[in-house]
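Here is what each chain is made of, one letter per residue.
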Amino acid sequence: MADWNLGVGTLMETHLNGLAVLLDNAKCGWKQLAKAAMDQPRLRCSESELTNCSLQVLNCSGSSGRFLLDMLIERGCTLVFLLQCLRKMEHHEAIEYLTTAVEQIEITVQPQPQQALEGSRVVLSCKGSGPPTLGYQWFKGKEEIPGGSGPNLVVPFLTAVEQGHYICRVNHGERFIFSNWAHVRVIRSGNSSSEASSTFFPATSGLRIIYQPRQQTLSEGEDLILRCSAEANPPPQYQWYHNKKPLERAVNSKLKIPGVTTADRGSYYCRVFNLYHEIRSEEVHINIGPSSMTEVWKSDDEDLSIGSRRPPSSFFDLSIGSTRPPSSFYATDKVALLMGNMNYLHHRQLRAPMADVHELTNLLRQLDFKVVSLLDLNWQEMHSAVTEFLLLLHRGVYGLLYFAGHGYENYGNSFMVPIDAPASYTSEHCLWVQGVLHRMQERETGLNVFLLDMCRKRNLNDVTIPRPDPRKVTANIVFGYATCVDAEAYEVNKDDLSNGIFISYLKKRLMEDEKVTVMLDRVAEDMGRCRITRGRQALELRSNLSERRALTDKIQSTDCSVTSARNLQWAIAHVLPESRTLEFDCGVKVQLGYAAEFSNIMIIYTRILQKPKDIDHCSAQLSNFSEDLEIDLKHTNQESLEEAGSILFSIDFLPQPEVPKLYTRLKALQRLKKELTFTVCLHYQYSNLEEEVQERQTVSIGKPLVSKLNLHEPTCSSSSSFDFNSSSLPESAPYTQGLCEPSETSTASTSAAPSWSYFSNPGESSEVPTSKKVNLPEENLDTDECQPYSATKSLPYAPVDDITFRFSNMQNFHSL
């Protein structure tokens with residue numbers, strides 16, 4: 001991502017000259033720019049300096065605009081201030097030119113090597129980010145592919161002719177960058193079905209590192225090159241780490257840091273993962289001594305903007321800069337609960353929470369947070385989710401709670417509104433934020449962060465002031481409110497992929513290695529520059545954090561038994577059913593696969609693995625789902641993820657995405673009371689018959705993902721608590737020990753104990769108007785400004801052994 005805080009002098013000479021040409025006009029040019037720059041005293045121009053600018057036109061090659069730009073450069077004008085001045089002038093052509101010059105083209109989705117049966121359909125995808133209106137051109141070898149001018153290259157009928165190496169060029173004007181090479185291989189139809197099956201669906205041990213990074217000793221100024229290569233199907237993805245912290249943009253098998261300094265010394269390793277597995281490379285130590293070199297080396301990135309526009313003969317390396325020194329603080333673990341409510345029963349429905357939770361989930365996982373992401377929770381489910389979240393906290397753990405949805409604030413008390421809240425809701429229908437904070441403090445956490453993306457208007461229906469017990473004085477609390485007191489939070493009314501205003505700016509800063517409050521202060525400054533929300537919405541930060549703790553702090557566990565129990569707890573909410581193959585009497589084999597979009601939303605996909613030659617066509621469709629599961633028939637048995645209602649989950653994370661499948665999206669899994677069962681109905685037709693034949697098989701997959709927690713059940717907070725200090729989990733206990741023989745059904749609570757509430761003390765009536773009115777929902781802004789970037793792709797969940805107990809049923813851990 002471009003650094004707009006750099007000086008104007010960092011622009012290339014050609015870009016400065018081009019900008020000067022646009023400023024050499026009378027109506028909206030250099031004079032107006034000089035006037036706009038007067039907002040900063042050090043950039044003000046005197047009358048004599050402006051006269052010198054005017055006299056530049058007397059020279060045959062003189063430019064008043066260039067002369068002014070040179071003066072601004074000498075006085076330390078930054079790119080972001082220049083952009084603000086151009087916007088103030090409303091010089092749209094210059095704004096677009098400057099943005100294009102500064103924003104770097106980056107490839108966010110690389111094409112992946114593929115192998116498919118002869119005659120099948122193959123799709124290669126390449127997506128870039130940077131300036132608007134990027135152009136694409138696909139190559140096979142060094143030859144341009146006619147019509148291959150989009151982000152997706154479709155080969156409708158794969159033959160030996162199409163086999164080979166493919167690459168994509170992404171460009172904006174004369175600037176361009178090439179993707180990685182992707183090898184497409186044809187599997188002959190004569191191969192055995194077992195070979196085809198193993199090609200499309202990985203085996204249990206389908207991820208293996210074949211080349212480990214090597215320890216090195218370098219001098220300052222030399223290039224650091226580390227390699228980590230793996231074999232996997234689906235293709236592996238990579239993330240490099242330096243001193244336990246993820247390196248930005250280091251997502252290739254090869255890591256290159258040009259011109260290293262002593263700040264780059266330390267430990268490095270690579271995390272390799274795909275849809276099914278995750279593994280870490282060996283950790284190597286890089287020693288960097290004094291430099292004996294005087295030559296300044298140019299980075300590879302500079303070479304990508306000039307020279308030949310033909311594809312390179314080797315892979316491109318992504319060069320990255322140095323990282324900050326590691327923080328002196330650390331977390332014993334990191335846990336996050338993300339809740340987004342959209343589909344309210346009695347209030348205006350929202351659009352942004354789904355994209356916001358999805359975006360934040362991906363970012364926090366890169367920071368090694370254990371994330372539970374939930375959409376559309378009612379009152380009971382929100383209370384239970386918070387209870388289970390609290391059980392993951394312990395001394396020194398960093399806890400983060402994010403909520404996107406309707407909300408309000410009365411007398412300094414914030415309330416999150418569940419989807420089943422009545423039209424005139426009060427505190428008894430909502431979740432009290434300060435009550436959650438009180439309980440987090442009792443867990444002796446290292447950092448408590450609340451990110452509340454909701455309105456904070458007064459609720460005139462609520463005359464209650466909750467009175468909590470006295471809280472401990474802990475200097476580790478950070479509240480980041482999307483808006484200030486008695487104001488509303490907005491979402492851009494663009495499409496279902498758009499983020500709300502708060503997340504649109506937060507996602508650009510969240511990965512910064514800064515104290516949490518410093519990072520949020522920068523987000524507030526960024527939001528303050530948004531014209532459409534100025535005077536309507538402003539981020540408010542409340543904190544008593546006395547230490548320089550950051551979300552990027554590394555994890556250093558002090559109690560292995562506690563960490564093992566916590567990891568097992570978190571894993572329970574992310575258990576996916578194992579993929580299976582169904583064999584029908586007619587000889588057809590159907591593959592069932594599963595993927596998680598959120599912790600309470602699962603996608604089931606089916607494909608025909610094998611069919612006899614005398615059957616012309618067949619399809620496997622799902623029906624007769626468990627009665628307590630909400631099923632939208634429009635989102636079942638669809639040919640694409642979009643038609644199934646999944647607009648965020650990427651098909652690239654599924655095995656062989658080009659192979660035809662049928663997708664079914666199941667939501668609200670937290671309301672599943674029994675094991676999930678459904679029927680697979682096979683529709684097929686023989687070549688010599690006109691009538692369609694059907695066969696059925698019933699499938700039971702247990703309770704997937706968050707449904708194991710039984711969030712729908714009323715829970716007494718006192719009975720569901722668990723103290724990790726009393727855990728007797730031995731250090732040597734294997735991860736899956738005790739889980740090999742789970743009970744057939746979940747242990748349902750039959751206790752008649754009433755459901756608990758955060759209000760331990762009755763509230764007192766306050767002097768507020770008693771007139772009732774329906775709560776105001778969040779506003780929507782119909783505008784194209786401040787549009788968020790496209791969502792990053794969801795990291796896959798790793799399936800583990802089926803477990804049928806809930807977090808709060810902690811006695812199971814003592815048997816490990």
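For the structure itself, consult the block above.
Criteria and cut-off values
- Residues numbered from 1 in each chain as written.
- Predicted model: local features only at pLDDT ≥ 70, side-chain atom pairs only at ≥ 80, totals over all residues.
- Heavy atoms only, no water.
- Pairing = 2+ DSSP bridges.
- Helix = DSSP H or I, 4+ residues; strand = E, 2+ residues; numbered from the N terminus.
- Salt bridge = Lys/Arg side-chain N within 4 Å of Asp/Glu carboxyl O.
- Buried < 20%, exposed > 50% of the residue type's maximum accessible area, 1.4 Å probe, protein only.
- Axes fitted to C-alpha atoms, helices over the stretch in contact; angles between N-to-C directions.
- Parallel < 35°, antiparallel > 145°, perpendicular 65-115°, else oblique.
- Left-handed = near helix turned anticlockwise from the far one by under 90°.
- Contact = heavy atoms within 4.5 Å.
- Nonpolar A, V, L, I, M, F, W, Y, C, P; charged D, E, K, R; others polar.
- Polar contact = N/O pair within 3.5 Å; in protein donor to acceptor, adjacent residues only side chain to side chain.

**Overview of the pairing of strand β10 (residues 182–187)**
For step 1, the next point in the chain: Strand direction decides the pairing type here: strand β2 (residues 114–117) and β10, joined by four bridges, are parallel. In the sheet register, Q114 faces β10, and the bridge partner there is V184.
For step 2, the next point in the chain: Sheet topology places strand β8 (residues 164–172) next to β10; three bridges connect them, and they run antiparallel. Bridge assignment links H165 to a residue of β10, and that residue is H183.

**Regarding the pattern of salt bridges**
For step 1, the next point in the chain: Under the counting rule described, the total for this entry stands at 25 salt bridges.
For step 2, the next point in the chain: E409 serves as the salt-bridge partner of R456, at 2.7 Å between the closest nitrogen and oxygen. Here R456, found in the loop between β27 (447–453) and β28 (464–465), pairs with E409, found in strand β24 (residues 407–410); they are 47 residues apart in sequence, far enough to count as distant. Take R456 and E409: they sit in the same class, and that class is buried.
For step 3, the next point in the chain: Two residues, R509 and E512, come together in a salt bridge whose shortest N-O distance is 2.8 Å.
For step 4, the next point in the chain: Members of the salt-bridge network, linked through shared partners, are R509, E512, E514, R522, D526 and R529.

**Considerations on the packing of helix α5 (residues 79–89) against helix α6 (residues 92–102)**
For step 1, the next point in the chain: The contact between α5 and α6 brings their axes to 9 Å, and the two run at 160°. The pairing of α5 with α6 is recorded here as roughly antiparallel in orientation. The two elements α5 and α6 meet at a crossing, and its hand is left-handed. On α6, the residues touching L79, L82, L83, L86 and R87 of α5 are A94, I95, L98, T99 and V102.
For step 2, the next point in the chain: Residue classes in the contact of α5 with α6 are distributed as eight nonpolar, one polar and one charged.

**Remarks on the side chain of T606**
For step 1, the next point in the chain: Looking at the element boundaries, T606 is found in strand β34 (residues 601–610).
For step 2, the next point in the chain: On the basis of relative accessibility, which here comes to 3%, the residue T606 falls in the buried class.
For step 3, the next point in the chain: Only 3.1 Å separates the side chain of T606 from the backbone oxygen of A620, close enough to count as a polar contact.

**Some words on the environment of V386**
For step 1, the next point in the chain: By the secondary structure assignment, V386 is in helix α10 (residues 379–391).
For step 2, the next point in the chain: Note: C-alpha distance between V386 and L431 (45 residues apart in sequence) is 9.5 Å.

**Remarks on the sheet that holds β34**
The strands making up a sheet associate through hydrogen bonds between their backbones, and the pairing can be parallel or antiparallel.
For step 1, the next point in the chain: With antiparallel pairing, four strands are arranged side by side in an open sheet as β32-β33-β34-β36. The sheet is open, and its two borders are formed by β32 (580–583) and β36 (662–666), each paired with just one other strand. With strand direction ignored, the average angle separating the axes of adjacent strands in the sheet is 25°.
For step 2, the next point in the chain: Inspection of the sheet shows β34 paired to β36 by five bridges, in the antiparallel sense. Across the sheet, the residue bridging to I604 is T664, located in β36.

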